[in-house]
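# Topology and contacts: notes
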Amino acid sequence: MQILLGVLAGLAVLVVLVTIHELGHALAALKNGVVVEEFAIGFPPIIWSKKLKNGVDFKINILPLGGYVKLQGEHDAASEKGDYGAASFWAKTQILFAGVFFNFVFACVLMTILAWTGLPQVLSNQFRLANDGRIERSAVRAGLVTPDGSADRAGLKKDDQILKIDGKTIDSPETMRTLTKELAGREVTVEYRRASSKQTVAQVQVKISDHETAKQKGYIGMIPVQDAKIYAGWSAPIVGVGTVVQMMGETLKGVGQLFANFFGGLVQKLSFDQATRQQADQKIAQAGQAVAGPVGLLGVIFPALIGGELTTFVLFVAIISLTLAVMNALPIPALDGGRWVVTAIFRCLKKPLSKELEEQIHGTGMMVLLALTLLITISDVFKFFK
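Note that the structure is a prediction, hence the values are computed from the model and not measured.

### A short note on the overall build of the protein chain
Counting secondary structure elements, the protein chain contains ten helices and 13 strands. Taking all 386 residues of the protein chain together, 39% fall into the buried category. Only carbon and sulfur atoms are counted for the fraction: they give 64% of the accessible area of the protein chain, which is about 21,300 Å².

Have a look at this one:
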């Protein structure tokens, strides 16, 4: 049941975010005198349609996979009045990036609301104003308990609250790591609480890991985690926008690392050196683990979010909206940023961009994107059934 609810929630989020994106394109087109022929929520077959007063054919379709906007004369060579192709370069820039801007603004609005009600801290240096608001931290809990590890054998389970170790209060994961490192090789008392039950005590052996480095000493087979929320007052809009900008930088770094791992790995696979080929396999595997496609989003991530807090769900929607903005802004053919780059290049070269050549460029880009989506989906399926 939770998986079904997660799939439905994921599809609803996808439709909302894509509709917001396409609404940006449509409004920017109308503002610049370009005729909007169709604006659709979902994909055909059609459920309902209506001709609006401004001439736009508004449609609601049955397949909840996003939506689209159709402009008159959507290729760059079109020259009739009201055609997209007949618009100025500045007008085309506004139209192409309006969808990106709308997704960015929507993410900022959600982050601002969360900054008022409790914005989950997901980055160690997450943006906030020190002179306004506060940070509230939860108790330290077991985020992961290694099967047959010291903590597992002592009876600790995932999500147990860790109160004290060897009589010392645990107020952060860092405190716990430092303490267990100092206690390496000893059996210690761990005081913890499970759900609403009373405080419990366990005897846990603090081991020295197989790798004898100072950083890795003090191993009890448990990863401590702590939830934190940022609460802002008057600065909530500033915190909202600042957090989105900060996460946009992190997203760009992640995308850069993803491409570096994937394409760098493919190049290294051509090497005659076995060690280099093994390194290539690791890079490609890292790239596969770092992304989630439709199956991962709808079948794993959203069902997990359904069972959690509303603030976490809203935060994830904001991050998806931001990711949609960032990805569409990239200079990849078929995406908004790619379409703008192609138009800009031919404008700089002072050469006409024919409809056939434009379709060939962006059609090739779309085929590559579809192939990558297929690979990611296959990877998701394998991860899902592991």
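### Structural notes on the packing of aromatic side chains
Using the criterion set out here, one finds six aromatic pairs in the structure. Relative to Trp-340, the ring of Phe-89 lies with its centre 5.7 Å away and its plane at 35°, an arrangement referred to as tilted. Taken together, the positions of Phe-89 in helix α2 (residues 89-117) and Trp-340 in helix α9 (residues 336-349) put the pair 251 residues apart, joining distant regions of the chain. When its relative accessible area of 21% is taken as the criterion, Phe-89 is described as partly exposed. Taken together, the ring pairs in this structure connect Phe-39, Trp-48 and Phe-58 into an aromatic cluster. Cation over ring: Lys-92 sits above Tyr-84, and NZ or CZ is 5.7 Å from the ring centre. Over the aromatic face of Tyr-231 sits the side chain of Arg-134, whose NZ or CZ is 4.4 Å from the ring centroid.

### What about the pattern of salt bridges?
Under the counting rule described, the total for this entry stands at 16 salt bridges. Arg-134 is paired through a salt bridge with Glu-136; the nearest N and O atoms lie 2.8 Å apart. On the basis of relative accessibility, which here comes to 42%, the residue Arg-134 falls in the partly exposed class. Residue Glu-136 is classed as partly exposed on the basis of its relative accessible area of 37%. Asp-159 is the salt-bridge partner of Arg-141, the closest N and O atoms lying 3.0 Å from each other.

### Considerations on the sheet that holds strand β3 (residues 119-120)
In space, the three strands of this open sheet follow the order β3-β13-β4, with antiparallel pairing throughout. Looking along the sheet, the strands with just one partner apiece sit at the ends: β3 and β4 (134-137). In this sheet, strand β13 (residues 228-231) lies alongside β3 in antiparallel orientation, the contact comprising two bridges. Of the residues in β13, the one forming a bridge with Pro-120 is Lys-229. Along the sheet, α2 contacts β3 and β13; its crossing angle with β13, the most-contacted strand, is approximately 100°.

### Side note on a nonpolar patch on the surface
On the surface, a nonpolar cluster with roughly 630 Å² of combined accessible area is contributed by Leu-14, Ile-47, Trp-48, Ile-60, Ile-62, Leu-63 and Leu-65. When residues of the nonpolar patch are traced back to their parent elements, those giving at least two are β1 (36-51) and β2 (57-71). Among the elements that take part in the nonpolar patch, β2 stands out by supplying four residues, more than any other. Mapped onto the fold, Leu-14 is located in helix α1 (residues 2-31).

### Considerations on the layout of surface pockets
Roughly 560 Å³ of volume is contained in the second largest pocket. Lining the second largest pocket are 22 residues, and of these Arg-141, Asp-227, Ala-228, Glu-309 and Thr-312 lie nearest its centre. At the level of secondary structure, the elements contributing two or more residues to the lining of the second largest pocket comprise β4, β5 (141-145), β13 and α8 (310-329). It is α8 that contributes the most residues to the lining of the second largest pocket, four residues altogether.

### Re the confidence of the model for the protein chain
For the protein chain, per-residue confidence averages 85 on the pLDDT scale, and 83% of positions sit at 70 or higher. Looking over the protein chain, one finds the lowest element-wise mean pLDDT in helix α6 (residues 274-290), namely 57, and the highest in α2, namely 97. With pLDDT under 50 throughout, residues 210-215 is counted as low confidence; its partners more than four residues away or in other chains account for four contacts.

### Description of helix α4 (residues 173-182)
Three or more residues of α4 are buried, namely Pro-173, Met-176, Leu-179 and Thr-180. What you see down the axis of α4 is that its buried residues fit within an arc of 130°, all on one side.

### Things to note about the nonpolar core
Grouped together as the largest cluster of nonpolar side chains are 26 residues, with contacts concentrated most on Met-111, Leu-119 and Phe-313. Of all elements in the fold, only α1, α2, α5 (236-268), α7 (294-306) and α8 reach the threshold of two or more residues within this core. Per-element tally for this core: the top contributor is α8, with seven residues. Once you skip the residues sitting within four places of it in the chain, Leu-119 turns out to touch Met-111, Leu-114, Gln-126, Ala-228, Lys-229, Ile-230, Val-239, Thr-243 and Leu-315. Grouped together as the second largest cluster of nonpolar side chains are 19 residues, Ile-165, Ala-202, Val-204 and Met-222 included.

### Section: α2
Compared with the 42 Å implied by 1.5 Å per residue over 29 residues, the 42 Å span of α2 between its first and last C-alpha is a close match. At Phe-97, α2 shows its largest bend, some 40°. Following α2 by one or two positions, Gly-118 has its phi on the positive side, about 130°.

### Things to note about the packing of α2 against α9
Between two packed helices, what matters for the description is the angle formed by their axes and the separation of those axes. The N-to-C vectors of α2 and α9 enclose an angle of 165°; their axes lie 9 Å apart at closest approach. With respect to α9, the element α2 is oriented roughly antiparallel. Classified by chirality, the crossing of α9 by α2 is left-handed. Between α2 and α9, the residues in contact are Phe-89, Lys-92, Thr-93, Leu-96, Phe-97 and Val-100 and Asp-336, Gly-337, Arg-339, Trp-340, Thr-343, Ala-344 and Arg-347, respectively. Grouping the constituent residues of the contact of α2 with α9 by class yields six nonpolar, three polar and four charged.

So, how was this worked out
Residues numbered from 1 in each chain as written. Predicted model: local features only at pLDDT ≥ 70, side-chain atom pairs only at ≥ 80, totals over all residues. Heavy atoms only, no water. Helix = DSSP H or I, 4+ residues; strand = E, 2+ residues; numbered from the N terminus. Buried < 20%, exposed > 50% of the residue type's maximum accessible area, 1.4 Å probe, protein only. Areas by Shrake-Rupley, 256 points an atom, 1.4 Å probe, with all protein chains shown as cover. Phe/Tyr/Trp six-rings, centres within 6.5 Å; stacked < 30°, edge-to-face > 60°. Lys NZ or Arg CZ within 6 Å of the ring centre and 35° of its normal. Salt bridge = Lys/Arg side-chain N within 4 Å of Asp/Glu carboxyl O. Pairing = 2+ DSSP bridges. Contact = heavy atoms within 4.5 Å. Axes fitted to C-alpha atoms, helices over the stretch in contact; angles between N-to-C directions. Patch = residues over 30% accessible without salt bridge, like charges linked within 9 Å, V, L, I, M, F, W, Y side chains within 5 Å. 1 Å grid on protein atoms, 1.4 Å probe; cavity = no way out; pocket = protein on both sides within 12 Å on 5 of 7 lines; lining within 4 Å. Points joined across faces, edges and corners; volume = space filled by probe spheres on them. pLDDT = per-residue confidence, 0-100. Arc of directions from axis to C-beta. Core = buried A, V, L, I, M, F, W, Y, C linked by side-chain atoms within 4.5 Å. Expected span 1.5 Å × (residues − 1). Bend = angle between axes of the 7 residues up to and from the residue. Parallel < 35°, antiparallel > 145°, perpendicular 65-115°, else oblique. Left-handed = near helix turned anticlockwise from the far one by under 90°. Nonpolar A, V, L, I, M, F, W, Y, C, P; charged D, E, K, R; others polar.

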